[in-house]
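# A look at the structure
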Amino acid sequence: SSLNELKGSLRASVFDEFEVKIGNYDLNVMPSIALSLDAINSATPFDVFDTPSQLLEFDFSGTFDSEVIVGVDGIPANAYLRAKSDDITSISSIEFELGLDIDLDSIK
């Protein structure tokens, strides 16, 4: 009995928003994450009965994209931290970005 293709995928996205009060300041926190995972059998095609161990031969890949935005009510700026990877099988592929978005229109 021949197996021609064996693969699996997982896609997940989570977004949220919540407020935290610190002293007289209301912080708005908006975290998000998107994750994509793929597993593809690298031995196909093969005979399941003759070589059942090939059921366990997989190559893995995936992507990761996350962000946390923090703003304070009454202040026209948001701080953010982003992390992303186009290849989550390699820890060295993760990129980080830290920044500040300022709404210049509201400062005029």
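This text gives an overview of the structure that appears in the document. Every value quoted in this text rests on a predicted model; they were computed, and no experiment measured them. (Residues numbered from 1 in each chain as written. Predicted model: local features only at pLDDT ≥ 70, side-chain atom pairs only at ≥ 80, totals over all residues. Heavy atoms only, no water.)

Next up on the list: a negative patch on the surface. The grouping of Asp16, Glu17, Glu19 and Asp73 at the surface amounts to a negative patch. Checked against the element boundaries, Glu19 lands in strand S3 (residues 18–22). (Patch = residues over 30% accessible without salt bridge, like charges linked within 9 Å, V, L, I, M, F, W, Y side chains within 5 Å. Areas by Shrake-Rupley, 256 points an atom, 1.4 Å probe, with all protein chains shown as cover. Salt bridge = Lys/Arg side-chain N within 4 Å of Asp/Glu carboxyl O. Lys, Arg positive; Asp, Glu negative; His and termini not counted. Charge placed at Lys NZ, Arg CZ, Asp CG, Glu CD. Helix = DSSP H or I, 4+ residues; strand = E, 2+ residues; numbered from the N terminus.)

Time to look at unusual backbone geometry. Of the consecutive residues Thr44 and Pro45, the connecting peptide bond is found in the cis state with omega at -5 degrees. With respect to the secondary-structure elements, Pro45 resides in the loop between strand S4 (25–41) and strand S5 (46–47).

This next bit is on the pairing of S3. Two elements, S3 and S4, share five bridges in a ladder whose sense is antiparallel. For Val20, the partnering residue across the bridge sits in S4 and is Leu27. Counting the residues in the hairpin turn of S3 and S4 gives two residues, including Gly23, whose phi is positive at 60 degrees. (Pairing = 2+ DSSP bridges.)

Each aromatic ring pair is specified by the distance between its two centres and by the angle formed by the two planes. All chains considered together, the criterion is met by one aromatic pair. Geometry around Tyr80 places Arg82 over its ring, the cationic atom sitting 4.2 Å from the centre. (Phe/Tyr/Trp six-rings, centres within 6.5 Å; stacked < 30°, edge-to-face > 60°. Lys NZ or Arg CZ within 6 Å of the ring centre and 35° of its normal.)

Below, the discussion takes up a nonpolar patch on the surface. Side chains of Val68, Val70, Leu81, Ile91, Ile94, Phe96 and Leu98 sit close together on the surface and give an oily, nonpolar patch of about 700 Å² of accessible area. Among the elements of the structure, strand S6 (58–72) and strand S8 (95–102) are those that each provide at least two residues to the nonpolar patch. Examined against the element boundaries, Ile94 turns out to sit in the loop between strand S7 (77–85) and S8.

On to the side chain of Asn41, then. In this fold, Asn41 is placed in strand S4. Since its relative accessible area comes to 3%, Asn41 is described here as buried. A polar atom in the side chain of Asn41 sits 2.8 Å from the backbone oxygen of Gln54. (Buried < 20%, exposed > 50% of the residue type's maximum accessible area, 1.4 Å probe, protein only. Polar contact = N/O pair within 3.5 Å; in protein donor to acceptor, adjacent residues only side chain to side chain.)

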